[in-house]
Amino acid sequence: MVKKTALIAGASIAGLTMAHWLNRYGYHVTVVEISPGLRKGGAAIDVRGEALKVAERMGILDKIKAKKITTTVEFVDDQDKCIATMKNFGEDALRQDIELHRDHLMGIIYEAATTDIEYLFNNRIKAISQDDNKVSVVFENGQNRDFDFVFGADGTHSTVRKLIFGKEDLFNHYFGAYFAILKADESLGSLIRGQIYNVPGKMAAYSDKGNAMLIFRSGKLDYDYRSATEQKEILKENFAGCGWKIPVIIEAMISSEDLYFDEVCQVKMSSWAKGRVALIGDAAYCSGFPTGMGTSLAIQGASILADELMASNGDYNLAFSRYNSLFHPFVETIQATIVNGIDFLVPATEEGIRLRNEMVKNL
């Protein structure tokens, strides 16, 4: 039998997980990624719940456990005095999760998704057309190829979603804040634990894992999300005059070429598939990082979709329908937690900061 072919847009956690499963299930898999290699950086992430069971099925759970880290965070004032301490920061209530560096998880899944998988780095999808039998793709390098299926795992600002489902603002829902993440160096100093500093509507954090983060509440801003220059100007304007270590963090972010900046948002869609094209991960159901579940949703969703394709005996419409019906209720439950997450990280008032700190003291 001729192998079915699948193109996955985005060497993301969702994309690499999907690549692993489709390859195992007998597909010829191609992954296209705009970056020259795996995208590095990002804050520490958590793998939770059902996603841990998926990792076990993939044969990578022990490797994930070996990279586990724990995070203790101090909430500090502008004089760097500790107000409250939270051990196992970000851990779920049942402690059924594993925190590790994003780079480590990407490397582990990539290692599980390399054999017989074709990677097209430094490339991207420019156009997609489809009929009942195939999906035709035009790549940025000028190549034209046909695939049985295309899966968009290309993030919140997904090109696949725009080309097949419509404009971004039809699906992306803004939640009143922006954030920036930087993999810091020694210029910010070394810590034995993470620190979080707040003023009303703003948060700055620096971790013992080497990451700096800024978050600020704001109305929707009009800027080019692809312009690093505009992103840095926004950070300078919104954190001007702030104390603690914020001036040093801002300076590091302005001089960095690896800054990640985006809005806090969620992607909500009634269906994640159209024809022979389907979405996974943040492209389909970004939960927003304050939920702490983006990584787990990416792993779990990709696994469900691949399993349903395998079980459908070639009826991809049935597989896509079951993917939607099985996973939508869980996604909606997770997305509903975002407001609590934002209020905890970035209280809007001095009273909110005080109450949050008192809550942490009593944990």
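Scroll up for the structure.
Calculation notes
- Once a new chain begins, its residue numbering starts again from 1 and follows that chain's sequence as written.
- Reporting in this predicted model follows two pLDDT cut-offs: at least 70 for local features of residues, and 80 or more for side-chain atom pairs to be given and counted; totals over whole chains, interfaces and linings ignore these cut-offs and use all residues.
- Excluding hydrogens and water, the side-chain figures rest on all heavy atoms present in the structure.
- Note: two strands are recorded as paired if DSSP finds a minimum of 2 bridges between them.
- The helix and strand labels rest on DSSP assignments: H or I over at least four residues marks a helix, E over at least two residues marks a strand, and numbering proceeds from the N terminus.
- Note on contacts: a residue pair is in contact if any heavy atoms of the two residues lie within 4.5 Å.
- Angular values range over 0 to 180 degrees, each being the angle between N-to-C directions of two axes fitted as lines to C-alpha atoms, with helices fitted over their stretch in contact.
- Using protein atoms alone on a 1 Å grid, points that fit a 1.4 Å probe yet trap it form a cavity, whereas open point sets bounded by protein on both sides within 12 Å along at least five of seven lines form a pocket; residues with an atom within 4 Å of a point count as lining.
- Grid points are joined across faces, edges and corners, and a volume is the space filled by probe spheres set on the points.
- The term salt bridge refers to a pairing of a side-chain nitrogen on Lys or Arg with a carboxyl oxygen on Asp or Glu at a separation within 4 Å.
- Type-normalised accessible area, obtained with a 1.4 Å probe on protein chains alone, sets the label of each residue: buried when under 20%, exposed when over 50%, and partly exposed for intermediate values.
- As used in this record, nonpolar core signifies buried Ala, Val, Leu, Ile, Met, Phe, Trp, Tyr and Cys residues forming a set joined through side-chain atoms within 4.5 Å.

Peer 1: Please explain the sheet that holds strand S11 (residues 149-152) as it appears in this structure.
Peer 2: Through backbone hydrogen bonds, the strands of a sheet pair up, either in parallel or in antiparallel fashion. Across the sheet, which stays open at both edges, the six strands sit in the order S7-S2-S1-S11-S18-S17 with mixed pairing between neighbours. Looking along the sheet, the strands with just one partner apiece sit at the ends: strand S7 (117-121) and strand S17 (273-274). Against the sheet, helix H1 (residues 13-24) makes contact with strand S1 (5-9), strand S2 (28-33), S7 and S11, and its axis sits at roughly 170° relative to S1, the strand it touches most.

Peer 1: Any chance you could explain empty space enclosed by the protein here in plain terms?
Peer 2: Rolling a probe over the atoms, with the probe sized like a water molecule, indicates the empty space that remains. For the structure on display, the rule yields two cavities of 30 Å³ or more. The volume enclosed by the second largest cavity comes to roughly 30 Å³. In terms of lining residues, the second largest cavity is bounded by Ala177, Ile215, Val264, Phe289, Pro290, Ile342, Leu345 and Val346.

Peer 1: What am I meant to see in the sheet that holds strand S10 (residues 144-147) here?
Peer 2: Taking strand neighbours across the sheet as the criterion, the three strands line up as S8-S9-S10 in an open arrangement whose pairing is antiparallel. Every other strand in the sheet has two partners, leaving strand S8 (125-130) and S10 as the edge strands with one partner each. Pairwise comparison of adjacent strand axes, ignoring direction, gives a mean angle of 25° for this sheet. For strand S9 (residues 135-139) and S10, the ladder comprises four bridges, and the chain directions are antiparallel. Looking at S10, one finds that Val137 is bridged to Arg145.

Peer 1: Help me out: how do you make sense of the pattern of salt bridges in this one?
Peer 2: When the charged atoms of two side chains with opposite charge come close together, those side chains can pair. A full pass over the atoms with the stated rule returns 16 salt bridges. Note that Arg39 is salt-bridged to Glu33, the shortest N-O span being 3.2 Å. Of the charged contacts, one joins Asp224 and Arg226 as a salt bridge, the two residues approaching to 3.2 Å between their closest N and O atoms. For Arg226, a relative accessible area of 65% puts it in the exposed group. Here the salt bridges do not stand alone but share partners, grouping Asp46, Arg48 and Asp97 into one network.

Peer 1: Hey, could you run me through the nonpolar core in this one?
Peer 2: When a protein is soluble and globular, its nonpolar side chains tend to lie buried together. Counting residues in each nonpolar core, the largest one holds 79 residues, and the members touching the most others are Met18, Leu22, Ile125, Phe151 and Leu309. In terms of residue count, helix H9 (residues 294-311) provides more of this core than any other element does, eight residues in total. The contact partners of Leu22, leaving out residues within four places of it in the chain, are Ala6, Ile8, Tyr27, Val29, Phe151, Ala306 and Leu309. Core analysis: the second largest hydrophobic core is formed by 23 residues, Ala180, Ala204, Ile246 and Ile249 among them.

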